[in-house]
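Architecture at a glance
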Amino acid sequence: MTRLNGNYMHLFLFAIAIGSWWLVKLTGSDEPSHIAVPAHSPDYFSKGYTKWEMSEQGRPKSKLIADEMTHYSDDGTTHLTNPLMFFYNDKTPPWVIQSETGILSADGKDLLLNGKVVVDRAAAEGVRELKIYSFNLKVKPEISYAETDEWAELISLPNWTTGVGMKLTFAEPIHLELLSNVKGNYETKKENPR
Amino acid sequence: LESDSDQPIIIDSDTATYDDVKAISTYTGNVISIQGSIRVNSDKLVVYFIDGEADKLVFTGNLAKFKQTPHEGAKDIVGEALTGEHYPKKNLLILIDKATVWRENGVYSSDFIEYDLKTSLVKAGEKESTNKRVHVILQPKEKEQPPAAEQPAKGSK
């Protein structure tokens, strides 16, 4: 095989470089890979998610548990699967709110609970157990407030009350309002005849 | 009716609020509360609970009205007042201010009437105060028509 002297070697290497540059151009694989990222795509997520929030006094203020938590970079929302929230009060048992799915706004001020929602507050001294069934509840965690335009049922056995539209403040003083079509049902037991 | 006090109290209204600490429910707007044959129509109804039971119901209206069927087949007893207090466990209804009860042939008016939902007994006025004056009208019972046979034949002298 004939040996190439100095000049021809440079020429040969130069030709190879041009050729490979041309091939790269041909295949178009030199541009950075611009895979089309869908607009609303998550930037981080978590499975088996738990978040505790403490009050200034260092006591539990709220707790959020979800099967799955997904955060989206474009609008900053956090999507939750089977969220279960605990809102703690000093004097009464926590309010426990759960739903099928939930969306927390970017600033964390608004939480939309979609589908069937169950609100539960255990009995304790001075207060009775309270269970509320409703749908599509809008919660404002910071001010312990929730509302819905949908049907709501308030059960405090043996009594129950239903209505359409509800406003609930679940921090002291706890207050609940049913906005229309209200129907109450109270069982009575005779006590002492006069 | 005898069984009224064993029936649940069912309330319909436009809106309602529930105060957890005071254990009070307040119903407002076209409020209808029914317990057996007892029916109360009012503008507002406040239910006070003791141990989860409706202990006292205070209704207000202009005027709030109530009715009850004392027993099967009997004529309804009807009443009205600015304020009323219903004590389900004591079978007691107290009508206050512009209170009137129509019972059989009697009309009882006063600013304070106690009506026993079990015995249909009406007690109007208050012993302690003279300003709860009582006004009673007792209609004479309609004369019973003599049976047809004894009636003189028409046209005969």
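Quick summary incoming for the structure in this document. What you see is a predicted model; the values in this text were computed from it and never measured.

What follows covers the overall build of chain B. Along its length, chain B carries zero helices and 10 strands. Starting at the N terminus and walking to the C terminus, you meet the elements of chain B as β-β-β-β-β-β-β-β-β-β. Expressed as a percentage of its 157 residues, the buried residues of chain B come to 45%. Taking the contacts inside chain B whose residues are at least 6 apart along the sequence as the reference set, 37% of them involve residues at least 24 apart. Entry remark: accessible area of chain B is about 8800 Å², with carbon and sulfur atoms responsible for 52%.

Counting secondary structure elements, chain A contains one helix and 10 strands. Looking at the 194 residues of chain A, the share that counts as buried comes to 35%. Restricting the contact set of chain A to residue pairs at least 6 apart, pairs at least 24 apart contribute 35%.

Let us look at the pairing of strand β10 (residues 175-186) of chain A. When strand β9 (residues 159-169) of chain A meets β10(A), the two strands line up antiparallel, connected through eight bridges. Bridging from a neighbouring strand, A:V164 pairs with A:S180 of β10(A). Counting the residues that bridge the hairpin from β9(A) to β10(A) gives five residues. Summarising the sheet, β10(A) and strand β1 (residues 9-13) of chain B pair through five bridges and their orientation is antiparallel. Counterpart to A:Y186 in the pairing with β1(B) is B:I9.

Quick look at the pattern of salt bridges now. Residues and elements named next belong to chain A. Applying the stated criterion across every chain, the model contains 14 salt bridges over all chains. Here D110 ties to K140 by a salt bridge, and the two come within 2.6 Å at their closest N and O atoms. Of this pair, D110 sits in the loop between β5 (95-104) and β6 (111-121) while K140 sits in strand β7 (residues 130-140), and the two are 30 residues apart along the sequence. Taking relative accessible area as the criterion, D110 reaches 33% and is therefore assigned partly exposed.

Along any regular strand the residues' side chains alternate between the sheet's two faces. Residue and element names in this part refer to chain A. Alternating residues of strand β3 (residues 78-81) divide into T78 and L80, all buried, and H79 and T81, none buried. Summarising the sheet, strand β2 (residues 60-72) and β3 pair through four bridges and their orientation is antiparallel. Paired with H71 across the strands is T78, a residue of β3. In textbook terms, the turn of a hairpin is the stretch between consecutive antiparallel strands, and for β2 and β3 this stretch comprises five residues, one of which, G76, has a positive phi near 75 degrees. Bridging between β3 and β5 involves four bridges; their strand directions are antiparallel. The partner of H79 across the bridge, within β5, is I103.

Here we take up the environment of B:K90. Structurally, B:K90 is set in the loop between β6 (77-87) and β7 (92-103). When the C-alpha positions of B:K90 and B:E53 are compared, they lie 13 Å apart, and in sequence the two are 37 residues distant.

Next up on the list: the interface of chain B and chain A. Put simply, an interface is often sized by how much accessible area is lost when its parts join up. If you look at the interface, chain B gives 32 residues, while chain A gives 28 residues. Summed over both partners, the interface of chain B with chain A buries about 2700 Å², with 46% contributed by carbon and sulfur atoms. By the criterion of area lost to chain A, the three top residues of chain B are B:Y18, B:D20 and B:K89, representing 23% of everything that side buries. Seen at the junction of chain B and chain A, the total is two salt bridges. When the shortest N-O distance is used, the salt bridge between B:D20 and A:R121 registers 2.7 Å. Counting every contact that joins chain B to chain A gives 12 residue pairs in polar contact (both at pLDDT 80 or more). Where the side of chain B that touches chain A is concerned, the elements lending two or more residues are β1, β2 (15-19), β3 (24-35), β4 (38-50), β5 (53-68) and β8 (106-116) of chain B. A breakdown of the residues in the side of chain B that touches chain A according to their chemical character gives 12 nonpolar, nine polar and 11 charged. In terms of strand pairing, β10(A) meets β2(B) through four bridges, oriented antiparallel.

A few words now on the packing of aromatic side chains. For the coordinates displayed, the defined rule picks out six aromatic pairs over all chains. Ring geometry for A:F86 and A:Y88: centres 6.4 Å apart, planes at 15 degrees, overall stacked. Classification of A:F86 by relative accessible area gives buried; the value is 17%. According to the relative accessible area criterion, A:Y88 is partly exposed, its value standing at 27%. The interplanar angle of 75 degrees and the centroid separation of 6.4 Å between the aromatic rings of A:Y186 and B:Y27 together place this pair among those described as edge-to-face. Highlighted residues: A:Y186 in strand β10 and B:Y27 in strand β3, drawn from two different chains. Owing to a relative accessible area of 1%, B:Y27 belongs among the buried residues under this scheme. Three or more aromatic residues joined by ring pairs make a cluster, and in this case those are A:W52, A:F86 and A:Y88. Seen from the ring of B:Y48, B:K56 lies directly overhead, with NZ or CZ sitting 5.1 Å from the centre.

A surface patch of nonpolar side chains, about 720 Å² in accessible area, is lined by A:F14, A:I18, A:W21, A:W22, A:L23 and A:L26. Structurally, A:L26 is set in helix α1 (residues 6-27).

The rules we used
Residues numbered from 1 in each chain as written. Chains lettered and ligands numbered in written order. Predicted model: local features only at pLDDT ≥ 70, side-chain atom pairs only at ≥ 80, totals over all residues. Heavy atoms only, no water. Helix = DSSP H or I, 4+ residues; strand = E, 2+ residues; numbered from the N terminus. Buried < 20%, exposed > 50% of the residue type's maximum accessible area, 1.4 Å probe, protein only. Contact = heavy atoms within 4.5 Å. Areas by Shrake-Rupley, 256 points an atom, 1.4 Å probe, with all protein chains shown as cover. Pairing = 2+ DSSP bridges. Salt bridge = Lys/Arg side-chain N within 4 Å of Asp/Glu carboxyl O. Buried area = accessible area lost by both parts, 1.4 Å probe. Polar contact = N/O pair within 3.5 Å; in protein donor to acceptor, adjacent residues only side chain to side chain. Nonpolar A, V, L, I, M, F, W, Y, C, P; charged D, E, K, R; others polar. Phe/Tyr/Trp six-rings, centres within 6.5 Å; stacked < 30°, edge-to-face > 60°. Lys NZ or Arg CZ within 6 Å of the ring centre and 35° of its normal. Patch = residues over 30% accessible without salt bridge, like charges linked within 9 Å, V, L, I, M, F, W, Y side chains within 5 Å.

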